[in-house]
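Chain and residue survey
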Amino acid sequence: MKKIPSFNFKPCQLLQGLIQLLIYAYSLFIISYFIFRFLLWDGSSVVALIGIMIPLILLPIFLLPIWAFFMKKRRFFIFYSIACVWLISWLYVNYGSPESVNIAASQTPVKVLTFNNYWDRTSPQTIIDLVEQQKPDLLFLQETTENHEQKTFPTLKLSYPYYASAPTISFFSKYPIQFVERLKLAGHKQIQQRAIIRVNQQDVVIYNIQVTSPWIQIRKTFSLFYMPAYVHYARTAEVKDLVQRLQKESLPMIVAGDFNMTEQSQDYNAIKKNLKDAFLASGLGFGFTWPNGWDIVVLVKKFKWKLNLPLFRIDYIWYSKDWVSQDTKVLTAAGSDHLPVETYLFLREK
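Residues numbered from 1 in each chain as written. Predicted model: local features only at pLDDT ≥ 70, side-chain atom pairs only at ≥ 80, totals over all residues. Heavy atoms only, no water.

Description of helix α5 (residues 74-95)
One turn of the α-helix equals 3.6 residues, which is why residues spaced by three or four share an orientation. End to end, α5 covers 31 Å across 22 residues, agreeing with the expected 32 Å (1.5 Å per residue, within 8%). Taken residue by residue, α5 has Y80, A83, C84, L87, W90, L91, N94 and Y95 as its buried positions. Angularly, the buried residues of α5 cover 130 degrees about the axis, an arc narrow enough to put them on a single face. The exposed set on the far side of α5, more than 90 degrees from its buried face, consists of R74, R75, I82, V85, Y92 and V93. Those residues of α5 that are buried are in contact with α1 (11-39), α3 (54-58), α4 (64-70) and α11 (278-282). (Helix = DSSP H or I, 4+ residues; strand = E, 2+ residues; numbered from the N terminus. Expected span 1.5 Å × (residues − 1). Buried < 20%, exposed > 50% of the residue type's maximum accessible area, 1.4 Å probe, protein only. Arc of directions from axis to C-beta. Contact = heavy atoms within 4.5 Å.)

In structure tokens, the structure reads:
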């Protein structure tokens, strides 16, 4: 009788093969992402969705040279080591090396704070406590409610004689307001603000911004089947409108608020061509601001957990070349699922 061949797979060999397969799949995924990012960028909702998590997605690269070394795969060890050097350099340049600036002792800083309140999630007293503790010169608030207007704003007005409120968005200033207007970027329903204030005998343009949030929606693909898609086109239209307005400004600018985008997006890059990102210039670390304390039930109804760890940076303070920034920070949680962001801005001496 013919013997039936036996297959004797050792558990460690099976695990090793599975790990190797995962590493090859991960490597192919990363390479494919950068190819499609170069070709399509946010023109593809898939590429745009992956991009919002790319700093975290890249971190496993640090483990790959270790695997290649112990598996005695010399070519892969060299390749992954080069990838690690590139990643370390990229992380250092973007997140670990604030710009050094020379500021004269006579220069007076403008302290700027922006905070998305997440509607009534942040209590009136919490906002008051935050402002009294940080004492900003310019305060940008988004997602404010009638409750805030009735219970928070009267107290804030005692310290900020100049202010402008609008439905869902308001700002407070210690500097005189020369002009203020409401905007609806791209003709959408979301309200933004533009104002001219007087800072130490210099007119300054400020924008208080909240753009439409992108979301994952079910869309029909190739007219065949339905798939989740990252829909960000409303935000892109608003950012395009904003950039066109910024390009027409001639005064020093401060632009702050909730932009609902990460720095890996094409919309971020469009603004960066015209303004400087305060956190990138003078902050340290990833600077994640959202979603701290966010209810997962919004996505999965059966889960009542909260995500108590911010994973994305979507709140920004931008400024024109007329300024330099110093000591930009993401502050601790204040009730909202967004974390406040503050910076010190100094007008360049002419």
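From this point on, the discussion continues.
A closer look at the pairing of strand β14 (residues 315-319)
Of all five residues in β14, five are buried; the element is thus mostly enclosed. Across the two faces of β14 the burial is the same, with D315, I317 and Y319 and Y316 and W318 all buried. Pairing of strand β10 (residues 253-258) with β14, which is carried by five bridges, proceeds in the antiparallel orientation. Paired with A256 across the strands is I317, a residue of β14. Note: strand β11 (residues 276-277) against β14, two bridges, orientation antiparallel. Residue pairing in the sheet places D277 in a bridge with W318 of β14. (Pairing = 2+ DSSP bridges.)

A closer look at the sheet that holds strand β6 (residues 192-199)
As summarised here, the arrangement of the six strands in space is β5-β6-β7-β10-β14-β11, forming an open sheet in which the pairing is mixed. Bordering the open sheet on either side are β5 (177-183) and β11, each of which pairs with just one other strand. Lying on the sheet, helix α9 (residues 233-248) is in contact with β5, β7 (202-210) and β10; it crosses β7 at an angle near 180 degrees. (Axes fitted to C-alpha atoms, helices over the stretch in contact; angles between N-to-C directions.)

Considerations on the packing of aromatic side chains
Considering all chains together, one arrives at 23 aromatic pairs under this definition. Ring geometry for Y268 and W318: centres 5.1 Å apart, planes at 50 degrees, overall tilted. Taken as a pair, Y268 in helix α10 (residues 266-272) and W318 in strand β14 lie far apart in primary sequence, 50 residues in all. There is no split in this pair, since Y268 and W318 are both buried. An aromatic cluster is built from Y33, F34, W86, W90, Y95, F286 and F288, whose rings are joined through pairwise contacts. (Phe/Tyr/Trp six-rings, centres within 6.5 Å; stacked < 30°, edge-to-face > 60°.)

Comments concerning a nonpolar patch on the surface
A cluster of nonpolar side chains, I31, I35, F36, F38, L39, L40 and F79, forms an exposed patch at the surface whose accessible area comes to about 770 Å². With five residues, the single largest contributor to the nonpolar patch is α1. Relative to the elements of secondary structure, I31 occurs in helix α1. (Patch = residues over 30% accessible without salt bridge, like charges linked within 9 Å, V, L, I, M, F, W, Y side chains within 5 Å. Areas by Shrake-Rupley, 256 points an atom, 1.4 Å probe, with all protein chains shown as cover. Salt bridge = Lys/Arg side-chain N within 4 Å of Asp/Glu carboxyl O.)

As for helix α6 (residues 124-134)
Of the positions making up α6, those classed as buried are P124, I127, I128, L130, V131 and Q134. All buried residues of α6 project into a common sector of 160 degrees when viewed along the axis, lining one side. Where the residues of α6 are buried, they touch β1 (110-116), β2 (138-142), α7 (146-151), α8 (153-159) and β16 (341-347). Immediately beyond the C-terminal end of α6, within one or two residues, lies K135, with a positive phi of roughly 50 degrees.

A look at the sheet that holds strand β4 (residues 169-173)
Two orientations exist for strands paired in a sheet by backbone hydrogen bonds: parallel and antiparallel. Overall, mixed pairing links the six strands, which are arranged β3-β4-β2-β1-β16-β15 in an open sheet. Whereas interior strands pair on both sides, the edge strands pair on one side only; in this sheet they are β3 (162-166) and β15 (323-330). Sheet twist, expressed as the average angle between the axes of neighbouring strands with direction ignored, equals 15 degrees. Of the pairings in the sheet, the one linking β2 to β4 comprises five bridges and is antiparallel in character.

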